[in-house]
Amino acid sequence: MTVWDDLVGQERVSEQLAAAARDADAFVTAAASDVPPPEASRMTHAWLFTGPPGAGRNQAARAFAAALQCVSPDRALGGAPGCGFCDGCHTALVGTHADVSTVAAVGSQILVEAMRDTVRKSFTAPANGRWQVILVEDAERLNEKSANAVLKAVEEPAPRTVWLLCAPSVEDVLPTIRSRCRHLVLSTPSVEAVADMLVRREGIEPDVAAAVARATQGHVDRARRLATDPAARARRAAVLKLPLRVEDVGGALRAAQELVGAAAEDAKQLAEERDGKETEDLKAALGAAQGGRLPRGTAGAVKDLEEMQKRRRTRTQRDSLDVALADLTSFYRDVLALQLGSRIALANTDAEDALERLARSSTPESTLRRIEAIAACGEALDRNVAPLLAVEAMTMALRAG
């Protein structure tokens, strides 16, 4: 198993990255022997990975980071970098490599405070790896100050530093940053490719794998979660019942409340798993005894952690709502396909009765208005509108049609 095996349906991108990783060896060898590297190299110091949600932007960047850090003994015999088994590959893939730093948005933005230490580290030589790799998972969430910090580092990088930026589209990144990056575009994997991955890698039954791959329309992470997490399947089933529950005002408002409440509960459960351990670990690092008081002058660090955890809970709730909105959009897209007599395969075959009922009782125009209402809800959440207000506006619009 190589590091490229997790890139579902991205064969072209995998080939480009594998070639760049091979060329990267020439830089390492040249640095050790004072021989200039070849001019026609596919390796560069900054990369921008773009593609739709679920295409695997972060996975592609992390696989490339692992290939750059690969220390397989086979390399001396001409083996390709990215074996997937050596210490360099393994630690880079699981996020514990000392020379692979990952930055992700905790809240709605990546703040400059989160970038300062990482930018400073980018100017240092690798500690024990072949490269110093900086992976920014949500480059579209860089605010003005943090983006300027990244720009300064990308403009004048250290010789053995590589920046890997991930964003939905090239327009989501500052022109001054993207102009200094090599751009790779990932596409949505086919339903067949995702189903095949679930069977091979997760041991899912073929019919279940095909159903969840079709339901998520090629979104790899969501397909994997649906296939392996009964709670995720239950939440999706509840969301797909919502269009039949908004026939009156009371039903629409109750549906909104339940949708937001389920997202909040999801965020709370995830927070309970992480926050307590993080807080105890920080207190121990600051020198507090088990259950004892914090040393003088360290309360600020705990407060900063609590603020970060609060932002993360908000982000988790928003992510959960995004999944629900995607499921609703998929539902109404199937309704529209039935109304127009389209031959495209339905994504939500497990809700076919509800789809046919709505297709018969409404018009294509009203279905399009409902899809627009879902998109408007997502835009309102982007503007930090209170989740309940945004979702109530959406469910009322779904009722009106």
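Reading the values: the criteria
Residues numbered from 1 in each chain as written. Predicted model: local features only at pLDDT ≥ 70, side-chain atom pairs only at ≥ 80, totals over all residues. Heavy atoms only, no water. Helix = DSSP H or I, 4+ residues; strand = E, 2+ residues; numbered from the N terminus. Buried < 20%, exposed > 50% of the residue type's maximum accessible area, 1.4 Å probe, protein only. Contact = heavy atoms within 4.5 Å. Areas by Shrake-Rupley, 256 points an atom, 1.4 Å probe, with all protein chains shown as cover. Axes fitted to C-alpha atoms, helices over the stretch in contact; angles between N-to-C directions. Parallel < 35°, antiparallel > 145°, perpendicular 65-115°, else oblique. Nonpolar A, V, L, I, M, F, W, Y, C, P; charged D, E, K, R; others polar. Core = buried A, V, L, I, M, F, W, Y, C linked by side-chain atoms within 4.5 Å. Phe/Tyr/Trp six-rings, centres within 6.5 Å; stacked < 30°, edge-to-face > 60°. Lys NZ or Arg CZ within 6 Å of the ring centre and 35° of its normal.

Asker: If you had to explain the overall build of the protein to someone new, which residues and values would you point to?
Answerer: A tally of helices and strands in the protein yields 15 helices and 5 strands. Seen through its C-alpha atoms, the protein measures out along the principal axes to roughly 75 × 60 × 40 Å. The buried share among the 401 residues of the protein stands at 45%. Taking the contacts inside the protein whose residues are at least 6 apart along the sequence as the reference set, 71% of them involve residues at least 24 apart. Entry remark: accessible area of the protein is about 20100 Å², with carbon and sulfur atoms responsible for 53%.

Asker: Residue-level account of the packing of helix α4 (residues 112–122) against helix α5 (residues 144–155), with values.
Answerer: Packed helix pairs are specified by the crossing angle of their axes together with the interaxial distance, meaning the distance between the axes. Contact geometry for α4 and α5: axes closest at 9 Å, N-to-C directions at 10 degrees. On the basis of their axis angle, the class for α4 and α5 is roughly parallel. Here V112, M115, V119 and S122 of α4 come into contact with α5, specifically with K145, S146, A149, V150 and A153. Of the residues belonging to the contact of α4 with α5, the class tally is 6 nonpolar, 2 polar and 1 charged.

Asker: An account of the nonpolar core is needed here, citing residue identities and associated values.
Answerer: In terms of nonpolar packing, the biggest core is built from 35 residues, with W4, L17, W47, F49, F64, L68 and L164 touching the most fellow members. When contributions to this core are tallied by element, the ones reaching two or more residues are α1 (11–33), β1 (46–50), α2 (57–69), α3 (87–94), β3 (132–136) and β4 (161–167). Per element, the largest residue contribution to this core is 8 residues, and it comes from α2. Residues in contact with L68, not counting those within four places in the same chain, are A21, A24, M43, R130, W131, V133 and V162. Within the second largest apolar cluster, 32 residues are counted, among which are L240, F331, L358 and I374.

Asker: A description of the packing of aromatic side chains should follow, citing residues and the corresponding values.
Answerer: Counting across every chain of the model gives 2 aromatic pairs. Between W47 and F64 the ring centres are 5.0 Å apart and the planes differ by 70 degrees, which places this aromatic pair in the edge-to-face class. Here the residue W47 occupies a position in strand β1, and F64 occupies one in helix α2, the gap between them amounting to 17 residues. Both residues of the pair, W47 and F64, count as buried. Residues F331 and Y332 carry aromatic rings whose centres are separated by 5.5 Å and whose planes lie at 85 degrees to one another, so their mutual orientation is edge-to-face. As far as burial versus exposure is concerned, F331 and Y332 are alike and both buried. R160 extends its terminal NZ or CZ atom over the ring of W131, reaching a point 6.0 Å from the ring centre.

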